[in-house]
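Chain and residue survey
For reference, the chains in residue letters:
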Amino acid sequence: MVRKETLMVNQIMSPFQKKKKTAASKPSKKTNQKSSASSDDDSSEVDDAELARKLQKQEQRPSRRAAKSAKPAKREKREGGPKKPGTSTYSRPCQLSPELADIMGTDKMARSEVVKNMWRIVKERNLKDPSDGRYHICDDQLRNVFGKKRVQTFGMMKYLKEHIFDLKT
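Worth saying up front: this structure is predicted, and the values here are computed from it rather than measured.

Thresholds, definitions, all that
Residues numbered from 1 in each chain as written. Predicted model: local features only at pLDDT ≥ 70, side-chain atom pairs only at ≥ 80, totals over all residues. Heavy atoms only, no water. Salt bridge = Lys/Arg side-chain N within 4 Å of Asp/Glu carboxyl O. Helix = DSSP H or I, 4+ residues; strand = E, 2+ residues; numbered from the N terminus. Buried < 20%, exposed > 50% of the residue type's maximum accessible area, 1.4 Å probe, protein only. Pairing = 2+ DSSP bridges. Axes fitted to C-alpha atoms, helices over the stretch in contact; angles between N-to-C directions. Contact = heavy atoms within 4.5 Å.

Inspection of the entire model under this criterion finds eight salt bridges. Between Glu124 and Arg120 there is a salt bridge; the shortest N-O distance is 3.1 Å. Taken together, the residues Glu124 and Arg120, both in helix α5 (residues 111-124) and four residues apart, mark about one turn of the helix. Residue Glu124 is classed as exposed on the basis of its relative accessible area, which comes to 57%. Measuring nitrogen to oxygen at the nearest pair gives 2.8 Å for the salt bridge that ties Arg150 to Asp129. Of this pair, Arg150 sits in strand β4 (residues 150-152) while Asp129 sits in the loop between α5 and β3 (135-137), and the two are 21 residues apart along the sequence. Given a relative accessible area of 37%, Arg150 falls into the partly exposed group.

Here is the structure:
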């Protein structure tokens, strides 16, 4: 008969009242939890210290991704001596056109040296365009090579390649 009465009471009670009733029945557990919380604090401190030690070990230990594999053995040097300088296409001496040779002062020069000297000439003659620093303004001598009044400094090789010829070897 007790069951029927509790069922009837539960049906009559509003949800708000049910919450009060369940809250009233649980405080005994909460008080138990509060009393055990002080003991949990001690164990959590121990757990925190243990966790900190584990994390410290992981930081000190190199990760698997960062682990380097064994270095490959060094290749033996080719027989025939050291590599000769100036063997790449860019550093090999080339024949210059008469207009470019007049500016450079020589008729044979590597492409890399031509570009270096052109930069030097632009700086020495103060040919940088004041309105846009990416360009340089050509004087009469440079206008013979570039064919334009104003040229992009980083794009000058596009115009210089017409004045540089590979030497036949």
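Resuming the write-up.
Glancing now at the sheet that holds strand β2 (residues 108-110). Strand order in the open sheet formed by three strands is β2-β1-β5, and the pairing between neighbours is antiparallel. Two strands bound the open sheet, and with one partner strand each, they are β2 and β5 (164-166). Between one strand axis and the next, the sheet turns by 50 degrees as a mean value, whatever way the strands run. Summarising the sheet, strand β1 (residues 93-96) and β5 pair through three bridges and their orientation is antiparallel. Bridging across to β5, Cys94 finds its partner in Asp166. Against the sheet, α5 engages β1, β2 and β5, with an angle of about 90 degrees to β2.

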